[in-house]
Amino acid sequence: MPKICSYEGSDYRKEFWEKGNRTYEDLAERIAIRKLLPPQGSTLVEIGAGFGRLADLYSGYRQVVLLDYAKTMLQDAKSLWGDDPRFTFVAADLYRLPLRSASFQSVVMVRVIHHIQDVPLALSNLRRILADDGVFILEHANKRNLKAIVRYLLRAQKWNPFDREPVEFVPLNYDFHPAWMRERLKEAGFAIEDQLSVSHFRHGVLKRTFSPRFLAKADGAVQRVGAIWKLTPSLILKCTPASKSGQKAPTTPLKPEEMFVCPACGGDLEAEEGGLRCTRCGHTWPLEDGIYNFRMDGEG
Ligand SMILES: C[S@@+](CC[C@H](N)C(=O)[O-])C[C@H]1O[C@@H](n2cnc3c(N)ncnc32)[C@H](O)[C@@H]1O
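Residues numbered from 1 in each chain as written. Predicted model: local features only at pLDDT ≥ 70, side-chain atom pairs only at ≥ 80, totals over all residues. Heavy atoms only, no water.

### A word on helix 4 (residues 119–129)
Side chains three or four residues apart in an α-helix point the same way, a direct result of the helix having 3.6 residues per turn.
Here is step 1 of the chain: Listing the buried residues of helix 4 in full gives V119, A122, L123, N125, L126, R127 and I129.
Here is step 2 of the chain: Buried residues belonging to helix 4 abut strand 1 (41–47), strand 4 (104–109), strand 5 (130–141), helix 6 (178–188), strand 8 (190–198) and strand 9 (234–241).
Here is step 3 of the chain: Where helix 4 starts, the residue carrying a side-chain oxygen 3.1 Å from the main-chain nitrogen of L121 turns out to be D118. (Buried < 20%, exposed > 50% of the residue type's maximum accessible area, 1.4 Å probe, protein only. Helix = DSSP H or I, 4+ residues; strand = E, 2+ residues; numbered from the N terminus. Contact = heavy atoms within 4.5 Å. Polar contact = N/O pair within 3.5 Å; in protein donor to acceptor, adjacent residues only side chain to side chain.)

Here's what the structure looks like:
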């Protein structure tokens, strides 16, 4: 199995978002996601949801699953969203998703794929859980961004932003060429229906000069035209299934036994005291403090 970039125990919210002065990036991403994600629906899953930063964008969905590998992230998400009965919290690995095929109308993954070593496997898993009438919203880091191009031309950066292969700039942190990602999405069975270029103004001087709200509004105004050139560090894509097999999204919320399958063998699960049990291999998956634990690394 590919390696996982674990955020277990990290203070991602405080260190990255709050101390890192990233209100502008947060607002700009929200503007783009609002444009691409259907505002209402039945079932939605966010993969690598972290502490649930974006979960308020899902207020029109009847059932929302926040899935992440890190249990501490999910504990933070639960402290924010745990009072809302529409939410389910799931500790699991994207490479071994415990979710039933075609069970989601919307799948969202933001700021996660840059940690993914095996993108084809991850994308094919996401295609499997998406219903034929569903949408997949994907944010990915863009290696062919303006800053990387300038740095490369000035010889301040070794890797070539025009080279299509992903670059691993630090271990388990990848930057992707838009054309490479388009190919992988196509191979996994997705068609790109729409795309936006995000974070045009991610620059220290601009961020010190203008308010985050002003910069985000300006970003929102150029996200669509910017997608023609794709020179920003981040791209957000709206993907749909390229071919259909007739599996439509559920119209009503799913019970745990209907939504989950065993990540070890793919078997059906049945509810038992304290969690779920696989009817095929007998593996038990606990529900711990309101978080389903499907991790297979000895933590499960
Ligand atoms: C940079 S954070 C982004 C969190 C959230 N999407 C956001 O934008 O605020 C990346 C998240 O992906 C999760 N992650 C990384 N690899 C994963 C995997 N293989 N399966 C599930 N989650 C994973 C990490 O635990 C972490 O919470």
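From this point on, the discussion continues.
### Digging into the pairing of strand 1
Here is step 1 of the chain: Counting buried positions along strand 1 yields seven of seven residues, so the element is predominantly enclosed.
Here is step 2 of the chain: Relative to strand 2 (residues 61–68), strand 1 runs parallel, the two sharing six bridges. Residue G41 lies in a different strand from strand 2, and its bridge partner there is Y61.
Here is step 3 of the chain: Across three bridges, strand 1 lies against strand 4 in parallel orientation. Along strand 4, the bridge assignment pairs V45 with V107. (Pairing = 2+ DSSP bridges.)

### Describing the site of the ligand
Here is step 1 of the chain: By nearness alone, 20 residues border the ligand, and G48, R53, D68, L94 and V110 come closest of all.
Here is step 2 of the chain: Measuring from a nitrogen atom of the ligand, one finds a backbone N or O atom of L94 at 2.9 Å.
Here is step 3 of the chain: For the shell around the ligand, a count of residues per class yields twelve nonpolar, three polar and five charged. (Near = heavy atom within 4 Å. Nonpolar A, V, L, I, M, F, W, Y, C, P; charged D, E, K, R; others polar.)

### Structural notes on the side chain of D68
Here is step 1 of the chain: Relative to the assigned elements, D68 resides in strand 2.
Here is step 2 of the chain: Among buried Asp, Glu, Lys and Arg side chains, D68 stands out as unpaired, with R295 the closest opposite charge at 7.2 Å.
Here is step 3 of the chain: In terms of polar contacts, D68 uses its side chain to reach the backbone amide nitrogen of A49, at 3.3 Å.
Here is step 4 of the chain: In this view, D68 contacts G48, A49, G50, M73, L74, V90, A91 and A92; residues no more than four positions away in its chain are not counted. (Lys, Arg positive; Asp, Glu negative; His and termini not counted. Salt bridge = Lys/Arg side-chain N within 4 Å of Asp/Glu carboxyl O.)

### Notes on the nonpolar core
Here is step 1 of the chain: In this structure, I47, L126 and F136 are the most contacted members of the largest nonpolar core, which totals 45 residues.
Here is step 2 of the chain: Going through the elements one at a time, strand 1, strand 2, strand 4, helix 4, strand 5, helix 6, strand 9 and strand 11 (275–278) are the ones with two or more residues in this core.
Here is step 3 of the chain: No other element matches the five residues that helix 4 contributes to this core.
Here is step 4 of the chain: In this view, L126 contacts I47, L94, L97, V107, M109, F136 and F190; residues no more than four positions away in its chain are not counted. (Core = buried A, V, L, I, M, F, W, Y, C linked by side-chain atoms within 4.5 Å.)

### Describing the side chain of R30
Here is step 1 of the chain: Structurally, R30 can be placed in helix 2 (residues 23–36).
Here is step 2 of the chain: When its relative accessible area of 11% is taken as the criterion, R30 is described as buried.
Here is step 3 of the chain: Engagement of the side chain of R30 in a polar contact is seen with the backbone oxygen of R53, the distance being 2.6 Å.
Here is step 4 of the chain: Excluding residues within four positions of it along the chain, R30 makes contact with R53, L54, D56 and L57.

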